[in-house]
Amino acid sequence: MSDPDNNPTGGKQDWEGLREVDRAIAENRLTSYTWKKTWADPWGRLKLIAIFAALAAFVVFVIVHDVIL
């Protein structure tokens, strides 16, 4: 590596806000990064909880409607 600060852009224009995302893509851990960032955001956490609650309610509805009734 010729770049002393291990910058993946090779010394070109530094996009400080995207450096962590670029490293996540380079290390093939983008999904983990996305889930952690979404969970850290209060609105993102609320959306995740709402989506999973809606999915759980749908599964319960299908089970009750098709299996029990």
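Parameters and conventions
Residues numbered from 1 in each chain as written. Predicted model: local features only at pLDDT ≥ 70, side-chain atom pairs only at ≥ 80, totals over all residues. Heavy atoms only, no water. UniProt positions renumbered as here; feature names shortened; annotations may be inferred. Helix = DSSP H or I, 4+ residues; strand = E, 2+ residues; numbered from the N terminus. Phe/Tyr/Trp six-rings, centres within 6.5 Å; stacked < 30°, edge-to-face > 60°. Lys NZ or Arg CZ within 6 Å of the ring centre and 35° of its normal. Axes fitted to C-alpha atoms, helices over the stretch in contact; angles between N-to-C directions. Parallel < 35°, antiparallel > 145°, perpendicular 65-115°, else oblique. Contact = heavy atoms within 4.5 Å. Nonpolar A, V, L, I, M, F, W, Y, C, P; charged D, E, K, R; others polar. Polar contact = N/O pair within 3.5 Å; in protein donor to acceptor, adjacent residues only side chain to side chain. Patch = residues over 30% accessible without salt bridge, like charges linked within 9 Å, V, L, I, M, F, W, Y side chains within 5 Å. Areas by Shrake-Rupley, 256 points an atom, 1.4 Å probe, with all protein chains shown as cover. Salt bridge = Lys/Arg side-chain N within 4 Å of Asp/Glu carboxyl O. Buried < 20%, exposed > 50% of the residue type's maximum accessible area, 1.4 Å probe, protein only. pLDDT = per-residue confidence, 0-100.

Undergrad: I would appreciate a short explanation of the UniProt feature "transmembrane region" (unreviewed entry) in the protein chain in the present structure.
TA: Those places that UniProt annotates as "transmembrane region" (unreviewed entry) correspond, in this numbering, to residues 48-68. End C-alpha atoms of residues 48-68 are separated by 29 Å, and the span's content is 100% helix alongside 0% strand.

Undergrad: Any chance you could explain the packing of aromatic side chains here in plain terms?
TA: Note on aromatic pairs: each is described by the distance of the centres and the angle between the planes. Enumeration over the complete set of coordinates arrives at 1 aromatic pair. Measuring from centroid to centroid gives 6.3 Å for Trp-35 and Phe-52, while their planes differ by 15°, and the two rings are stacked. Taken as a pair, Trp-35 in helix H2 (residues 30-40) and Phe-52 in helix H3 (residues 42-68) lie far apart in primary sequence, 17 residues in all. Here the basic side chain of Arg-45 rests over the ring of Trp-39, its NZ or CZ set 5.0 Å away from the ring centre.

Undergrad: How do you make sense of the packing of H2 against H3 when you look at a structure like this?
TA: The axes of two packed helices give the description: the angle between them and the distance between them. Relative to each other, H2 and H3 sit at 105°, their axes nearing to 5 Å. On the basis of their axis angle, the class for H2 and H3 is roughly perpendicular. Facing Trp-35, Thr-38, Trp-39 and Ala-40 of H2, the residues of H3 in contact are Pro-42, Gly-44, Arg-45, Leu-48, Ile-49 and Phe-52. Looking at the contact of H2 with H3 residue by residue, the class counts come to 7 nonpolar, 2 polar and 1 charged.

Undergrad: Could you clarify how one ought to interpret the environment of Asp-66 in this entry?
TA: Checked against the element boundaries, Asp-66 lands in helix H3. There is a polar contact of 3.3 Å between the side chain of Asp-66 and the side chain of His-65.

Undergrad: Looking at this structure, I do not really get a nonpolar patch on the surface. What am I missing?
TA: A grouping of Phe-58, Val-59, Val-60, Phe-61, Ile-63, Val-64, Val-67, Ile-68 and Leu-69 is seen on the molecular surface, where their side chains present a nonpolar patch of about 940 Å² in accessible area. Relative to the elements of secondary structure, Val-59 occurs in helix H3. Of the residues examined, Val-59 reaches a relative accessible area of 45% and is grouped as partly exposed.

Undergrad: In this structure, what is going on with the confidence of the model for the protein chain? I would like to understand it.
TA: The share of residues in the protein chain with pLDDT of 70 or more is 78%, and the mean pLDDT across the chain is 81. Helix H1 (residues 19-26) is the least confidently modelled element of the protein chain, averaging 77 in pLDDT, while H3 averages 94, the highest of any element.

Undergrad: Any chance you could explain the packing of H1 against H2 here in plain terms?
TA: Taken N-terminus to C-terminus, the directions of H1 and H2 make an angle of 140°; their axes are 8 Å apart at the nearest point. With respect to each other, H1 and H2 are oriented oblique. Within the contact between the two elements, H1 uses Glu-20, Val-21, Ala-24 and Ile-25 and H2 uses Leu-30, Tyr-33 and Lys-37.

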